[in-house]
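# Topology and contacts: notes
Next come the chains, spelled out residue by residue.
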Amino acid sequence: MIRIGSRGSQLALWQSNHIAAALRANGHHVEIEIIRTTGDRLQEVTFAEVGTKGMFTKEIEEALIAERIDLAVHSLKDLPTELAPEFTLAALPERADPRDAFVSVDFHSFFDLPAGAKVGSSSPRRQTQLRTLRHDLEYIEFRGNVDTRLRKLQEGQAQAIILAASGLDRLGRTEWIRQRFDPEQLCPAPGQGALAIECRAADAATHQALAFLDHPDTRFAVTAERAALNALGGGCQVPIGVYCRREGDTFRIHGVVASNPGSSRGGEAHISASTTGSQAEELGRTLAAVLLRNGAESILFANQYKP
Ligand SMILES: NCc1[nH]cc(CCC(=O)O)c1CC(=O)O
């Protein structure tokens, strides 16, 4: 029996059920236990601007340590860059679409929006990068789970919203997507579109049961992205986009540190694809150094994010 601990949100349950199905297809018995986290509780009251790092993972990690559950499935981009040594990311399955999606009832693409249109997003990474492309739009806070945001869009609270394509695809809401942004235009969050399966570092049996789900190219790319974020001192409220992908024999990574109003510093780096994990971290750190050299430091300090 393998026990999965899951948050109760629609997306978390979809992700846990997805991994449960893969394990069952390999002959395992699997149960899912729903765990309420501090982050879930805070979101119900008022959205926590001042969320602590790991507020969506603390109770789940406590359940892992207490051996009430054996693994947890996370959206990688919501995980802190550093895990405590008791835990490990036993599998990083093949990444889904990493891009951000433009969602609108009336408009086909971001560049079709009329001046003054309201664009809903509560992500500084998305808001600041989009403002660089279109400073004539009004960017407004937009919160809630995917279906809440789609409802608010339909009610006319905004003319468009920006969400991760992977979340919409997973929840069967693909038909809402009008456009997927080129990562060169709107750089995704580190790890966006990837799932991460966390388990106890000492639990060899679960580790082995999960091994078939690990996807080496995905592991390389997201390890590089998270190393860059870590080197820039990032948490989820820092306006940093980083995206790494394989192109033939090369892994290419690019990133952006954006600021309001609409200035940003970008950079890129690459490395040969005949690689090991430590090279992925090196690639990420190289990108961070390029970004800092290109002027990202002043943006990070202006926002009081200390690299
Ligand atoms: N921060 C919320 C969150 N965490 C993971 C996803 C989508 C799925 C993913 O990135 O893997 C989302 C929604 C969104 O950003 O639109």
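Note that the structure is predicted; figures quoted are calculated from it, not measured.

What follows is about the sheet that holds strand β8 (residues 160-164). Paired through their backbone hydrogen bonds, the strands of a sheet run either parallel or antiparallel. Here five strands make up an open sheet; going across it, the order is β7-β6-β8-β5-β9 and the pairing mixed. A single partner strand is all that each edge strand has here, and the edge strands are β7 (138-140) and β9 (177-180). Pairwise comparison of adjacent strand axes, ignoring direction, gives a mean angle of 30° for this sheet. In this structure, strand β6 (residues 118-120) lies alongside β7, joined through three bridges in parallel fashion. The residue bridging Gly 120 from the neighbouring strand is Ile 140, located in β7. Contacting β5 (100-103), β6, β7 and β8, helix α4 (residues 124-133) crosses the sheet at an angle of about 175° to β7. Against the sheet, helix α5 (residues 146-154) contacts β5, β6 and β8, and its axis sits at roughly 165° relative to β8.

One can read the domain layout of the protein as domain 1 (1-93 + 194-214), domain 2 (100-180) and domain 3 (215-307). Tallying the contact residues gives nine residues for domain 1 and 10 residues for domain 3. Taken together, the residues of the side of domain 1 that touches domain 3 break down into four nonpolar, one polar and four charged.

Judged by pairing direction, the sheet is mixed, and its five strands sit side by side in the order β2-β1-β3-β10-β4 without closing on themselves. Here the strands that pair on one side only, and so sit at the sheet edges, are β2 (30-34) and β4 (87-91). For this sheet, the mean angle separating the axes of adjacent strands, direction not counted, is 35°. Bridging between β4 and strand β10 (residues 195-200) involves four bridges; their strand directions are antiparallel. The residue bridging Phe 87 from the neighbouring strand is Arg 200, located in β10.

Relative to strand β12 (residues 250-259), strand β11 (residues 240-247) runs antiparallel, the two being bridged by eight bridges. Each residue of the ladder has a partner; that of Ile 240, found in β12, is Val 257. The turn linking β11 back onto β12 is made up of two residues, and Gly 248 within it adopts a positive phi angle of 65°.

About the cut-offs
Residues numbered from 1 in each chain as written. Predicted model: local features only at pLDDT ≥ 70, side-chain atom pairs only at ≥ 80, totals over all residues. Pairing = 2+ DSSP bridges. Helix = DSSP H or I, 4+ residues; strand = E, 2+ residues; numbered from the N terminus. Axes fitted to C-alpha atoms, helices over the stretch in contact; angles between N-to-C directions. Contact = placed C-beta atoms within 7 Å. Domains from an automatic or database assignment. Nonpolar A, V, L, I, M, F, W, Y, C, P; charged D, E, K, R; others polar.

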